[in-house]
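Secondary and tertiary structure notes
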Amino acid sequence: MALLHFKKKPGTSPAPVNPDVEAFLQGYSIEVMPRTAEKITDFTTLLPKGTRVYIAHLEGVPIEDMVACAKRLAADGYNVMPHFPARIIKDKAMLGDWIARYQGEANVRQALLLAGGVAKPCGDYENSMQLMESGLFEAADFTHLHVAGHPEGNRDIDKDGTDKNVMNALRWKQAFKERTDAKMALATQFAFEAKPVIAWAEALKEAGIDIPIHIGIAGPAKLQTLVRFAIACGVGASLKVLQKRALDMTKLLLPFEPTDLVTEMATFKAANPDSNIERVHFFPLGGIKTNANWAINHGGKSAVPAYLQEN
């Protein structure tokens with residue numbers, strides 16, 4: 001069993017910090033949307049400087065709102081990674097315009113490329129590979145290109161329940177990684193059970209796919225909220241963890257926290273440092289402040305904003 005050490009936030013009692021968890025949370029990323037970011041008065045009191053902040057781009061959100069959010073976060077000292085959902089990008093001209101706006105106003109050099117949740121493409125693009133093939137990100141000197149990972153499969157891509165199409169896409173992305181200078185990672189959908197995620201990561205490694213994996217973790221939230229998002233996002237087998245909890249009336253009204261899941265993943269990573277699993281990517285489904293405070297309380301100094309750190 002790992003030894004515990006302690007940190008102290010001003011005005012609080014010392015809290016135990018598991019060193020494996022602290023190491024695993026180091027360099028975590030978090031996802032926001034322009035409308036949720038607007039609710040945060042000062043990100044620097046919640047997130048360490050240099051944190052990678054993804055900005056989710058939902059259908060109907062104006063690019064102006066996305067760029068304004070990116071500009072604010074970049075000014076606060078964060079590494080901004082906006083989503084580029086292929087199916088809501090009309091054509092190469094629109095893609096180029098988005099890239100130019102992000103770079104011109106927020107000096108963005110990172111992107112998450114994904115198909116997006118829209119069933120029917122509104123233009124020329126249907127998947128992230130087509131965005132990568134455009135050559136625009138390479139021409140604009142983007143340093144990091146992340147793509148989506150699906151530990152529990154993706155019914156939109158493999159309607160027959162297999163992983164054939166997903167694996168073919170991952171092999172293509174592995175080849176892209178090997179022939180370009182882009183630093184790539186798989187930012188995965190969130191799950192609630194560690195073992196299937198670990199098995200998926202190990203299977204990718206055996207298949208020759210060594211793209212680093214940033215494991216999606218749902219931040220603390222009401223159980224009902226998590227179940228709703230899990231169903232909407234197509235979370236598969238691990239949904240039973242939430243369903244089992246919902247049957248326990250003593251836990252039904254209590255917020256769900258990812259402590260056990262993160263601890264199990266951190267323990268695995270500590271014992272298997274060569275695993276593709278690299279770090280944590282948070283989906284703050286219960287709120288950005290709630291998620292950030294959980295990270296502060298469990299991640300030691302590596303997850304504490306600088307002004308709160310002890311000398």
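Everything that follows concerns the structure shown earlier in this document.
Each chain has its residues counted from 1, following the order in which its sequence is written. Thresholds applied to this predicted model are a pLDDT of at least 70 for local features of residues and 80 or more for the giving and counting of side-chain atom pairs; totals over whole chains, interfaces and linings are not thresholded and use all residues. The basis for every side-chain value is the complete set of heavy atoms in the structure, and neither hydrogens nor water enter the calculation.

1. Notes on the pattern of salt bridges
When a carboxyl oxygen of Asp or Glu lies within 4 Å of a side-chain nitrogen of Lys or Arg, that pair is called a salt bridge. Under the definition given, this model contains five salt bridges. Between R101 and E64 there is a salt bridge, with the nearest N and O atoms lying 2.9 Å from each other. With R101 in helix α4 (residues 92–106) and E64 in helix α3 (residues 63–75), this residue pair connects regions lying 37 residues apart in the sequence. On the accessibility criterion, E64 (47% relative accessible area) is partly exposed. Between E278 and R279 there is a salt bridge; the shortest N-O distance is 3.6 Å. Among the charged side chains, a salt-bridge network with shared partners connects E64, D97 and R101. A run of DSSP states H or I qualifies as a helix once it reaches four residues; a run of E qualifies as a strand once it reaches two. Both are numbered from the N-terminal end. Residue exposure (1.4 Å probe, protein chains only): buried if accessible area is under 20% of the type maximum, exposed if over 50%, otherwise partly exposed.

2. Here we look at the sheet that holds strand β10 (residues 277–283)
The strands making up a sheet are joined through hydrogen bonds of the backbone, oriented either antiparallel or parallel. Taken in spatial order, the eight strands close into a barrel running β3-β4-β5-β6-β7-β8-β9-β10, and their pairing is parallel. When strand polarity is set aside, the average angle formed by the axes of neighbouring strands in this sheet is 30 degrees. Pairing between strands requires that DSSP locate at least two bridges from one strand to the other. Strand direction decides the pairing type here: strand β9 (residues 213–218) and β10, joined by six bridges, are parallel. The residue bridging G216 from the neighbouring strand is H281, located in β10. Most of the contacts of helix α7 (residues 164–179) go to strand β8 (residues 183–190), to which it runs at about 150 degrees, and overall it touches β7 (144–149) and β8. Axis definition: a line fit to C-alpha positions, over the contact stretch in the case of helices; interaxial angles, taken between N-to-C directions, run 0 to 180 degrees. Note on contacts: a residue pair qualifies if any of its non-hydrogen atoms lie within 4.5 Å across the two residues.

3. What about the nonpolar core?
Side chains of a nonpolar character, in soluble globular proteins, are inclined to be buried together. The nonpolar core is taken to be a set of buried Ala, Val, Leu, Ile, Met, Phe, Trp, Tyr and Cys residues, with the residues joined through side-chain atoms within 4.5 Å. Grouped together as the largest cluster of nonpolar side chains are 74 residues, with contacts concentrated most on F84 and F137. For F137, the residues in contact, after removing those within four places along its chain, are F84, L95, I99, A111, L113, L131, F142 and L145.

4. A closer look at the environment of E31
Inspection of the secondary structure assignment puts E31 in strand β3 (residues 29–32). Residues E31 and H83, spaced 52 residues apart in sequence, show a C-alpha to C-alpha distance of 9.8 Å. In this structure, E31 is in contact with Y54, A56, H83, H281, F282, F283 and P284, ignoring residues within four places of it in sequence. In protein, a polar contact requires one atom able to donate a hydrogen and another able to accept it; more generally it is a pair of N or O atoms within 3.5 Å, and residues adjacent in sequence count only if both atoms are side-chain atoms. Side chain to side chain, E31 and H83 meet in a polar contact 3.3 Å long.

5. Description of the pairing of β3
Alternating positions in β3 separate into two faces, S29 and E31 on one and I30 and V32 on the other, with burial throughout. Note that β3 and β10 share two bridges and pair parallel. By the bridge assignment, I30 is partnered in β10 with F282.

6. Remarks on the environment of L186
By the secondary structure assignment, L186 is in strand β8. Between the C-alpha atoms of L186 and A148, which are 38 residues apart in sequence, the distance is 5.4 Å.

7. Details of the packing of aromatic side chains
Only the six-membered ring of Trp is used, alongside the rings of Phe and Tyr, when aromatic pairs are assigned; centres must lie within 6.5 Å, and planes under 30 degrees apart are stacked while those over 60 apart are edge-to-face, with the rest tilted. In this structure the tally under the stated criterion is eleven aromatic pairs. Pairing F137 with F142 gives two aromatic rings, centres 5.2 Å apart and planes at 85 degrees, and the pair type is edge-to-face. A relative accessible area of 2% means that F137 is categorised as buried. Overall, the relative accessible area of 8% leaves F142 in the buried class. Plain terms: the ring middles of W172 and F176 are 5.7 Å apart, the flat faces sit at 15 degrees to each other, and that makes the pair stacked.

8. Quick word on the environment of I209
With respect to the helices and strands, I209 occurs in the loop between α8 (194–206) and β9. Spatially, the C-alpha atoms of I209 and A175 are 9.1 Å apart, while their sequence positions differ by 34 residues.

9. Points about unusual backbone geometry
The phi dihedral of N107 falls on the positive side, at around 55 degrees, and the residue is not glycine. Take N107: it is sitting in the loop between α4 and β6 (110–114). On the basis of relative accessibility, which here comes to 53%, the residue N107 falls in the exposed class. Here D141, not a glycine, exhibits a phi torsion of approximately 60 degrees, which is positive. One can find D141 in the loop between α6 (136–139) and β7. In this structure D141 comes out as exposed when scored by relative accessible area, which is 54%.

10. Things to note about the pairing of strand β5 (residues 79–85)
Extensive coverage of β5 is indicated by the burial of six of its seven residues. Pairing geometry for strand β4 (residues 52–55) and β5, over four bridges, is parallel. Counterpart to R52 in the pairing with β5 is N79. The path from the first strand over the helix to the second decides the hand: if it runs clockwise while the strands point away from the viewer, the crossover is right-handed. This β-α-β element, β4 to α3 to β5, shows right-handed connectivity.

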